[in-house]
Amino acid sequence: MSRIKKFITYVLLLYAVAVLLYWGGVRPFFFHWQTTRSEQQMRFPGDDFILPNTVVSTRAININAPPETVFPWIAQTGQNRGGFNSYAWLENLFGANMVNADSIHQEWQNVRPGDTVYYGENQGYDIVSMIKPDHYYSINGWTFYLEPIDTTQSRLLIRYASMEIKQSVFTTIFYYALFEQLHYIMETGMMMGIKHRAEKHTTQ
Amino acid sequence: MKSPANNISDGRLAAKGAILTTAAIFIYSLIVLLYVVLRTSFEIANKLPVGERSSIIFANAVALTYTIAVFSLLMVLVFSITGAIGALVIKRLVFRFNPQFNVRKTLLFSGMVGLVLLVLVYVVLRLLLQKWMTLQYPETLLFWFVFPATICFIFYLISGMAFNRFLLTHYRVLEK
């Protein structure tokens with residue numbers, strides 16, 4: 001029994017170290033992943049949809065493909081379309097029934113404000129609020145913004161505002177204990193997924 | 001002869017059951033952690049250039065550990081109660097129906113109690129998570145119930161054997 005207690009203590013220590021590392025250094029890194037100060041302060045087209053008492057993050061990634069090659073991957077976002085280009089196997093552990101498309105589907109390209117974007121099969125959804133092809137796409141304040149760097153490269157910036165965390169104690173605990181880290185993992189996974197797919201498409 | 005039952009208080013036994021189940025859940029959480037960290041790191045390494053990889057792989061591993069820590073602590077809350085109840089039920093069954101502390105009988109009781117309690121956990125999860133706890137969503141069912149339940153069941157059998165060994169030792173000591 002003493003060996004088992006020791007094992008439990010070591011696991012708890014490992015988890016405590018992870019929590020300390022997260023709050024001590026990883027969290028700030030997450031919030032503004034690969035962005036400059038001006039990008040963090042920049043106004044995004046979907047900012048009007050951001051509610052008060054939300055936690056806002058801005059993240060960026062450089063893609064070796066022009067905006068017009070990147071945008072079709074963003075346009076087909078959603079469980080009811082081409083997936084989220086993230087870790088579908090991880091999303092499916094939560095019953096999302098997610099499939100990431102590996103090609104551009106023309107039937108999903110004509111997205112309009114008011115269209116529904118599902119996060120998982122029969123799970124939560126949001127509404128597309130703004131869209132300007134090859135420039136930006138916003139799902140209720142979650143905005144994907146594309147900037148050309150030159151003729152062959154673009155920069156994808158994503159601004160995300162969380163749920164209103166001060167609604168209740170439960171929401172606050174849920175957000176800080178689970179949602180924030182999971183969202184970071186999935187959103188950065190999505191950005192890398194979009195980059196990977198757009199670059200592969202460009203070289204083919 | 002003094003009954004060995006007097007030497008094992010219900011509180012201590014329940015605590016041991018809860019501790020063993022906690023260990024089982026932590027073993028499962030470490031397996032899951034290893035799997036998700038390796039798989040996501042491999043995917044990141046495939047998508048990002050060499051210079052940009054290491055910091056995101058590290059941050060990702062920390063975030064995953066945090067998330068799994070929270071999930072496993074939530075699972076410990078549910079499963080450790082069943083572990084504590086299970087230990088007490090096994091004790092009652094052994095003293096009532098297996099006074100000779102036959103190891104096979106104790107194993108049978110441990111297995112049966114483990115199975116019944118895990119079925120109860122499944123019923124609760126099925127009520128809470130509904131269709132996500134069915135074969136319609138195999139990944140969800142395996143990840144949230146089948147794998148942790150299998151590890152818990154194995155722990156029930158190992159604990160049953162250890163409990164029987166403990167009883168035999170005490171019984172002989174007390175008989176002398």
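For the structure, check the block above.
Computed from a prediction, not measured in an experiment: that's the story for all the values here. (Residues numbered from 1 in each chain as written. Chains lettered and ligands numbered in written order. Predicted model: local features only at pLDDT ≥ 70, side-chain atom pairs only at ≥ 80, totals over all residues.)

Summing up its helical and strand segments, chain A has 5 helices and 6 strands in all. Starting at the N terminus and ending at the C terminus, chain A contains elements arranged as α-α-β-α-α-β-β-β-β-β-α. Expected size for 204 residues packed as a compact globule is a radius of gyration near 17 Å; at 19 Å, chain A falls within 12% of this value. Overall, chain A is about 60 × 35 × 35 Å in size when its C-alpha atoms are taken along their principal axes. Taken across its 204 residues, chain A has 35% of its residues classed as buried. For chain A, restricting intrachain contacts to residue pairs at least 6 apart in sequence, the fraction spanning at least 24 positions comes to 64%. (Helix = DSSP H or I, 4+ residues; strand = E, 2+ residues; numbered from the N terminus. Rg over C-alpha atoms; globule rule 2.2 N^0.38 Å. Buried ≥ 20, exposed ≤ 12 C-beta atoms within 10 Å, placed from the backbone. Contact = placed C-beta atoms within 7 Å.)

The phi angle at A:Gln34 is positive, at roughly 65°, despite the residue not being glycine. Note that A:Gln34 resides in the loop between helix H1 (2–31) and helix H2 (37–41). Of the residues examined, A:Gln34 has 19 C-beta atoms within 10 Å and is grouped as partly exposed. The phi dihedral of B:Gln130 falls on the positive side, at around 50°, and the residue is not glycine. Its location among the elements puts B:Gln130 in the loop between helix H3 (103–129) and helix H4 (138–175). For B:Gln130, a count of 10 C-beta atoms within 10 Å gives the class exposed.

In this section: the packing of helix H2 (residues 50–97) of chain B against H3(B). Residue and element names in this part refer to chain B. At a closest axis distance of 9 Å, the pairing of H2 and H3 adopts a crossing angle of 145°. Judged by the sense of rotation from one axis to the other, the crossing of H2 with H3 is right-handed. Contacts from Val 78, Thr 82, Ile 85, Gly 86, Val 89, Ile 90, Leu 93 and Val 94 in H2 reach Thr 106, Phe 109, Ser 110, Val 113, Gly 114, Leu 117 and Val 121 in H3. Tallied by class, the residues present in the contact of H2 with H3 amount to 10 nonpolar, 5 polar and no charged. (Axes fitted to C-alpha atoms, helices over the stretch in contact; angles between N-to-C directions. Left-handed = near helix turned anticlockwise from the far one by under 90°. Nonpolar A, V, L, I, M, F, W, Y, C, P; charged D, E, K, R; others polar.)

All names here are of chain A. With respect to the element layout, Glu 199 can be found in helix H5 (residues 169–203). In this structure Glu 199 comes out as partly exposed when scored by C-beta crowding, with 17 C-beta atoms within 10 Å. For the pair Glu 199 and Val 70, spaced 129 residues apart in the sequence, the C-alpha separation amounts to 8.3 Å. Sequence-distant contacts of Glu 199, defined by excluding residues within four places in its chain, comprise Ile 63, Asn 64 and Ala 65.

Turning to the environment of B:Phe97, a few remarks are in order. Residue and element names in this part refer to chain B. Following the sequence through the fold, Phe 97 ends up in helix H2. In this structure Phe 97 comes out as exposed when scored by C-beta crowding, with 12 C-beta atoms within 10 Å. Between the C-alpha atoms of Phe 97 and Phe 109, which are 12 residues apart in sequence, the distance is 9.6 Å.

Another aspect to go through is the interface of chain A and chain B. At the junction of the two partners, chain A supplies 30 residues and chain B supplies 29 residues. Put simply, the parts of the chain that give the side of chain A that touches chain B at least two residues each are H1 and H5 of chain A. Considering every element that reaches the side of chain A that touches chain B, the biggest residue donor is H1(A), with 13 residues. For the side of chain A that touches chain B, the per-class residue count stands at 23 nonpolar, 5 polar and 2 charged.

Next up on the list: the sheet that holds strand S1 (residues 56–63) of chain A. Residue and element names in this part refer to chain A. Within the open sheet, the 6 strands sit side by side as S1-S6-S5-S4-S3-S2. Their pairing is antiparallel. Two strands close off the open sheet at either side, each with one partner strand: S1 and strand S2 (116–118). Along the sheet, successive strands turn relative to each other by an average axial angle of 25°, direction set aside. Taken strand by strand, helix H3 (residues 67–75) contacts S1, strand S4 (136–139), strand S5 (142–148) and strand S6 (154–161), and its axis lies near 165° from that of S5. (Pairing = 2+ DSSP bridges.)

Any functional reading would require information that these geometric values do not contain.
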